[in-house]
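Results of the structural survey
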Amino acid sequence: MSSLPAQMTVSGLLDSSVSLRAGAGDAPDFSYGVEEYANLRMQAKLKDRAAFYGAVNFIAAAGDYAATVSQMGYYAAMKYPANVNSSSFVADDNYIAGIELERLYFRLNGEYISFDGGLLRLPFGYGQVWGPSDFLNPKNPLAPDARPRAVLGAGLSWYPVDSLKLLSFGAAPRNPFAQSGKGGLVGLSMDQHWDKASLQVLYAFESPHDGSNQGIHRAGMSVKADLELGLLMDALYTYNGEAGTKLDGLSLSIGADYSFFDGNLIVLAEYLYNGTTSSTSRNGGFSNEHYLYSGLTWRFNDFTNASIALISGFNDISFTPIVSVNHDLFQGATLTVTAQVPLDRDLFSGDGNRGELGPVPPGGTKGRYFDFSAKIRLRF
């Protein structure tokens with residue numbers, strides 16, 4: 001019995017994190033968290049025609065990290081993929097632990113065509129902060145390190161020329177127990193690249209299911225241009241005929257970035273219009289209609305950089321400043337320190353006008369006045 005020649009590579013990362021929190025509302029006045037998280041990635045190539053990809057997450061947590069998982073699930077906590085929840089973890093003395101399958105798919109390569117199938121990511125759009133088009137992988141600037149979730153699906157890509165990609169894709173229903181296939185997803189996208197700009201157009205149809213007897217249509221466009229000023233526009237319209245969707249189905253982000261001092265200072269701003277039935281509202285969980293992300297990053301040297309950002313929700317007048325510092329300890333090892341300070345009108349006046357980005361969001365009883373975390377990341 002002969003074996004087929006294959007090239008196997010293994011890589012990954014290990015995050016060791018600690019956190020301190022000043023609680024608001026019914027939360028403890030002060031609390032801590034400790035977490036070990038590892039992501040192990042595997043890849044095996046079968047000559048030039050096929051490849052296998054896999055990734056597994058290993059998680060152990062205590063304190064705030066463990067409490068958040070047990071109460072809400074990791075996706076609700078905006079930290080890890082949606083298929084990780086409290087039932088995936090086993091509690092023991094001192095910590096809770098879990099193992100999660102993150103990726104498991106194959107790729108078949110041809111000269112102009114490739115096919116991917118399995119548990120894989122289907123990313124869309126060029127959005128840096130909000131990502132309206134990326135409805136299967138919702139972004140949240142409060143959790144920039146969140147792992148993009150996978151879906152069980154497939155994609156067939158065709159490259160007529162080097163600069164053009166046509167993709168047809170499909171995914172299983174959000175309800176994994178839907179044996180009838182109701183809620184299944186199919187769609188098409190096109191990516192066109194030029195020297196200074198890129199364009200993507202997208203259409204997807206979610207078949208009829210409970211809550212949408214007529215199905216859900218999604219159509220979007222994403223554009224980026226690298227001129228003297230980096231420009232971005234990302235939009236997705238979600239139409240549910242049964243709900244009579246109008247402008248509330250639109251999610252639209254517009255942004256720009258620019259670098260100063262030979263690239264040592266980078267300034268970024270991105271606005272989001274968030275309709276109440278749009279992708280960023282339903283999938284991302286945002287409740288304001290208008291947001292602005294503004295931030296700058298200063299590169300001190302090849303090893304250290306610092307950034308400060310302000311996330312603003314204008315409808316309820318709430319804000320979250322975020323400060324972070326990154327330092328490369330040595331090759332493959334990075335220390336990241338981050339602090340968040342939620343702010344709203346109630347914090348200063350006590351008038352009961354709580355905001356989504358404030359210490360205790362509306363409808364909640366627990367929150368935080370201050371979040372601090374430190375993380376050492378090792379890559380291997």
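All of these numbers come straight from a predicted model, not from anything done at the bench. Per chain, residue numbering runs from 1 following the sequence as it is written. Where local features are concerned, this predicted model is filtered to residues with pLDDT of at least 70; where side-chain atom pairs are given and counted, the filter is 80 or more; whole-chain, interface and lining totals use all residues. Water and hydrogen atoms were dropped before computing side-chain values, which therefore reflect all heavy atoms in the structure.

1. A closer look at the overall build of the protein chain
Strands here mean DSSP runs of E at least two residues long; helices mean DSSP runs of H or I at least four residues long; both are numbered from the N terminus. A tally of helices and strands in the protein chain yields three helices and 20 strands. Computed over its C-alpha atoms, the radius of gyration of the protein chain comes to 22 Å, within 12% of the 21 Å expected for a compact globule of 380 residues. The C-alpha extent of the protein chain, read off along each of the three principal axes, is 65 × 55 × 55 Å. Going through the 380 residues of the protein chain one by one, you find that 42% of them count as buried. In this description, contact between two residues means that some pair of their heavy atoms is separated by no more than 4.5 Å. A separation of at least 24 residues holds for 51% of the contacts in the protein chain among residues at least 6 apart in sequence. Here the accessible surface of atoms and residues is derived via Shrake-Rupley with a 1.4 Å probe, and residues count as covered only by protein chains that are part of the display. Of the roughly 20100 Å² of accessible surface on the protein chain, 61% is carried by carbon and sulfur atoms. For a compact globule the rule gives 2.2 Å times the number of residues to the power 0.38, and the radius of gyration it is set against comes from C-alpha atoms. Summary of the burial criterion: residues with accessible area below 20% of their type's maximum are buried, those above 50% are exposed, and those between are partly exposed, where the area comes from a 1.4 Å probe applied to protein chains only.

2. Thoughts on the pairing of strand β9 (residues 185–193)
Taken together, the eight bridges between strand β8 (residues 164–171) and β9 define a ladder with antiparallel strand orientation. Within β9, the residue paired with A171 across the bridge is L185. Here, any two strands with at least 2 DSSP bridges between them count as paired. The sheet contact formed by β9 and strand β10 (residues 197–206) spans nine bridges and is antiparallel. Bridge pairing in β10 links L188 to Y203. Counted between consecutive antiparallel strands, the loop separating β9 from β10 contains three residues.

3. Topic: empty space enclosed by the protein
For cavity detection a 1 Å grid was placed over the protein atoms alone, and a set of points counts as a cavity when a 1.4 Å probe fits there but cannot get out; an open set counts as a pocket when protein lies on both sides within 12 Å along at least five of seven lines, with lining residues being those that have an atom within 4 Å of a point. Grid points are joined across faces, edges and corners, and a volume is the space filled by probe spheres set on the points. Scanning all chains against the criterion turns up one cavity of 30 Å³ or more. Along the walls of the largest cavity sit W130, G131, P132, D134, F135, P138, K139, S279, T280, G284 and F286, which together make up its complete lining.

4. A short note on the nonpolar core
Working definition of a nonpolar core: buried Ala, Val, Leu, Ile, Met, Phe, Trp, Tyr and Cys residues. They are joined through side-chain atoms within 4.5 Å. Formed by L122, F124, F135, L136, V151, L167, F169, A171, L185, L202, A204 and L236, the largest nonpolar core amounts to twelve residues. Breaking this core down by element, the ones donating at least two residues are β8 and β10. Per element, the largest residue contribution to this core is three residues, and it comes from β8. Residue contacts for L202: discarding those within four places in its chain leaves F124, S133, F135, F169, L188, S189, R218, A219, G220 and L236. Core analysis: the second largest hydrophobic core is formed by eleven residues, V129, L268, L272 and Y291 among them.

5. Overview of the packing of aromatic side chains
Two rings belonging to Phe, Tyr or Trp (six-membered ring only in the last case) form a pair when the distance between their centres is within 6.5 Å. Interplanar angles under 30 degrees mark stacking, angles over 60 mark edge-to-face geometry, and anything in between is tilted. By the definition in use, this model includes nine aromatic pairs. Each ring, one from Y53 and one from Y105, has its centre 4.9 Å from the other, and the planes form 15 degrees; the classification is stacked. Taken together, the residues span a long stretch of sequence, with Y53 in strand β3 (residues 50–63) and Y105 in strand β5 (residues 95–109) at a distance of 52 residues. For the ring pair F106 and F115, a centre distance of 5.9 Å and an interplane angle of 45 degrees mean the geometry is tilted. Taking the relative accessible area as the measure of exposure, F106 reaches 36% and is therefore partly exposed. An aromatic cluster is defined as three or more aromatic residues linked by ring pairs; in this entry it consists of F124, F135 and F169.

6. Considerations on the confidence of the model for the protein chain
Interpretation of this model should avoid reading the predicted coordinates in detail wherever pLDDT is low. Confidence scores per residue from the predictor, reported as pLDDT, run from 0 to 100. Model confidence for the protein chain is summarised by a mean pLDDT of 90, while 93% of its residues fall at 70 or above. Counting interchain partners and residues more than four positions distant, the pLDDT-below-50 stretch residues 72–86 has 47 contacts.

7. A look at unusual backbone geometry
Positive phi outside glycine occurs at D262, with the angle close to 60 degrees. Given the relative accessible area of 84%, D262 is considered exposed. At I317, a position not held by glycine, the phi torsion is positive, near 55 degrees.

8. Topic: the pattern of salt bridges
By salt bridge we mean one thing: a side-chain nitrogen of Lys or Arg within 4 Å of a carboxyl oxygen of Asp or Glu. Using the criterion set out here, one finds eight salt bridges in the structure. Of the charged contacts in the structure, one is a salt bridge between D302 and R299, with a shortest N-O distance of 2.2 Å. Judged by relative accessible area, R299 falls into the partly exposed class, the value being 36%. In the salt-bridge network here, residues are joined through shared partners; they are R21, R368 and D371.

9. With respect to a nonpolar patch on the surface
On the surface, L227, L229, L231, Y258, F260, F261, V267, L296, W298, F300, I308 and V323 cluster together into a nonpolar patch covering about 1100 Å² of accessible area. For L227, the position within the fold is in the loop between β11 (216–226) and β12 (230–240). The exposure class of L227 is exposed, given its relative accessible area of 51%. Grouping into patches uses exposed residues only, defined as over 30% relative accessible area, and leaves out salt-bridged ones; the cut-off is 9 Å for like charges and 5 Å for nonpolar side chains (Val, Leu, Ile, Met, Phe, Trp, Tyr).

10. Details of the pairing of strand β1 (residues 7–25)
Pairing of β1 with strand β2 (residues 30–46) involves 16 bridges; the strand directions are antiparallel. Bridging across to β2, L14 finds its partner in A38. Counting the residues in the hairpin turn of β1 and β2 gives four residues.

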